[in-house]
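A look at the structure
Next come the chains, spelled out residue by residue.
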Amino acid sequence: MALVNENFLKIPDNYLFSDIAKKVNAFKVTHPKDKVISLGIGDVTRPLPKAVCDAMHRAVDEMSKAETFRGYGPEQGYSFLTDAIIKHDYASRGVSLEPNEIFINDGAKSDAGNIGDMLRHDNCVGVTDPIYPVYIDSNVMAGRAGVLESGKWSNIVYIPCTAENNFIPELPSRRIDILYLCYPNNPTGTALTKDALKMWVNYALTNDVLILYDAAYERYISDPDIPHSIYEIRGAKKVAVEFRSFSKTAGFTGVRCGYTVVPRELNEFTLTGEKVPLNRMWNRRQCTKFNGTSYITQRGAEATFTPEGAAQVQENIDYYMTNAKILKKGLLSCGLNVFGGDNAPYIWMQTPNRTKSWKFFDQLLYETAIVGTPGVGFGPSGEGYFRFTAFGNRENTEEALYRLKKWL
Ligand SMILES: *Cc1c(COP(=O)(O)O)cnc(C)c1O
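Please read these numbers as outputs of a predicted model, since none were measured by experiment.

Some points on the nonpolar core
Leu 81, Ile 85, Ile 230, Phe 246, Leu 331 and Phe 388 are the most contacted members of the largest nonpolar core, which has 92 residues in total. Considering every element that reaches this core, the biggest residue donor is helix H11 (residues 307-333), with eight residues. Beyond its immediate sequence surroundings of up to four residues, Phe 246 is in contact with Leu 81, Ile 85, Gly 251, Phe 252, Cys 257, Gly 258, Tyr 259, Ala 301, Thr 304 and Phe 305. Core analysis: the next-biggest nonpolar cluster, separate from the first, contains 29 residues, Ile 115, Val 127, Val 241 and Leu 266 among them.

Considering helix H4 (residues 79-90)
Every α-helix carries 3.6 residues per turn, so stepping three or four residues along brings you back to the same face. End to end, H4 covers 15 Å across 12 residues, agreeing with the expected 16 Å (1.5 Å per residue, within 8%). Within the sequence span of H4, burial applies to Phe 80, Leu 81, Thr 82, Ala 84, Ile 85, Ile 86, Asp 89 and Tyr 90. Buried residues along H4 sit against strand S2 (102-105), strand S9 (240-245), strand S10 (258-261) and helix H10 (295-303).

Let's talk about the layout of surface pockets
For the largest pocket, the calculated volume is near 800 Å³. Only helix H2 (16-30), helix H5 (108-114), helix H6 (134-141) and helix H8 (247-250) provide two or more residues apiece to the lining of the largest pocket. The element best represented in the lining of the largest pocket is H5, accounting for five residues. Among the residues forming the lining of the largest pocket, the class breakdown is 16 nonpolar, nine polar and seven charged. Empty space within the second largest pocket amounts to approximately 650 Å³. What lines the second largest pocket is a set of 22 residues, and nearest its centre among them are Pro 12, Asn 14, Val 376, Gly 377 and Gly 379.

Focus on the packing of aromatic side chains
This model, assessed by the stated rule, comprises 26 aromatic pairs. Their ring planes at 70° and their centres at 5.4 Å tell us that Tyr 132 and Tyr 135 sit as a pair that is edge-to-face. Judged by its relative accessible area of 1%, Tyr 135 is buried. Among the aromatic residues, those joined into a cluster by ring pairs are Tyr 90, Tyr 231, Phe 246, Phe 252, Tyr 259 and Phe 305. Over the ring of Phe 80 we find Arg 299; its NZ or CZ atom is 3.6 Å from the centre of that ring. The ring of Tyr 319 is capped by Arg 394, whose NZ or CZ atom sits 4.4 Å from the centre of that ring.

What counts and how
- Residues numbered from 1 in each chain as written.
- Predicted model: local features only at pLDDT ≥ 70, side-chain atom pairs only at ≥ 80, totals over all residues.
- Heavy atoms only, no water.
- Core = buried A, V, L, I, M, F, W, Y, C linked by side-chain atoms within 4.5 Å.
- Buried < 20%, exposed > 50% of the residue type's maximum accessible area, 1.4 Å probe, protein only.
- Helix = DSSP H or I, 4+ residues; strand = E, 2+ residues; numbered from the N terminus.
- Contact = heavy atoms within 4.5 Å.
- Expected span 1.5 Å × (residues − 1).
- 1 Å grid on protein atoms, 1.4 Å probe; cavity = no way out; pocket = protein on both sides within 12 Å on 5 of 7 lines; lining within 4 Å.
- Points joined across faces, edges and corners; volume = space filled by probe spheres on them.
- Nonpolar A, V, L, I, M, F, W, Y, C, P; charged D, E, K, R; others polar.
- Phe/Tyr/Trp six-rings, centres within 6.5 Å; stacked < 30°, edge-to-face > 60°.
- Lys NZ or Arg CZ within 6 Å of the ring centre and 35° of its normal.

Structure follows, in structure tokens:
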């Protein structure tokens, strides 16, 4: 008889975006004439940059000939891609990394979930709240979260980020061993300045905290005071793993490519206090459980660093960030309290009169046929907030704003 991992049973069945889809489908059935505009799910809509498609076509041609065919590649990724990442994403910002500190993957979500393989079940986990649900759910599966009591897991330390603290997380009063940070943030669209991030790195250095830093949206940063990588902060290589992705950067949500940085200086501990380098452990983990990202995909990712590729990537980002500006300005002009949207493709809004997030979702859907995401779906501190994405097309974004203005 096989016994199951009962931790999985603790996770509520409903998944935020499937709950939303059900409600939207019900609305469509009863309102067939209304044109629904979705500013809900965080997925890109612009097609892949031409330079990426060209590179992938060439890679397919190579695979079609015996002389240039490639089978299994290195589990850690091809050096043409890790070298390009080191040069363009890090060296250009004064961060030096070695090729064996970068692990190419099939997107940031997998490793953000898998990284816990290396960590004991009894670590205390801290998360900023609201947050990308993967961090908490993967810890629930590993048995680190405790039990769910009125919307909160008993062993997770929630660090609220709300308008009251200007979305800057404050140091926790309880000891934590592992901390998830995501900046620029999904869902709030806010970012951390160098000084604010420095406070956390210093806290981690002093208190032996492992920081799991998700920088999936770094390419959306325009403010020069905001670090793109946690390694721009001195000492961070001793305490932080960084996750990056080509998904939101270059439209790879359906292609699948990202990478994880595990610095060689990063050590964690056995129960008896022996130091263990995480880089070696992660390499072992990857070689056992992962067989690499496809060659074709990695050639596509490499092309985002060529001059044409980088320019085309930037064009898409500018397009989304123009949507963000239009949305933010429009919502502000309606007298709403609106946050984010300057260094991230998300607008985070307080609901009018602090209406509950789901109630506002229903009102908005039934009275304007616009779909957004209820803030409380990202954690208890998201109650009374609502998220719009800037990933829609321009016409829909403008149409949504027109309807919202009329409605409000
Ligand atoms: C979209 C997103 C990712 C990227 O996920 P992929 O698996 O690379 O597509 C990672 N973190 C956050 C916070 C995200 O919103």
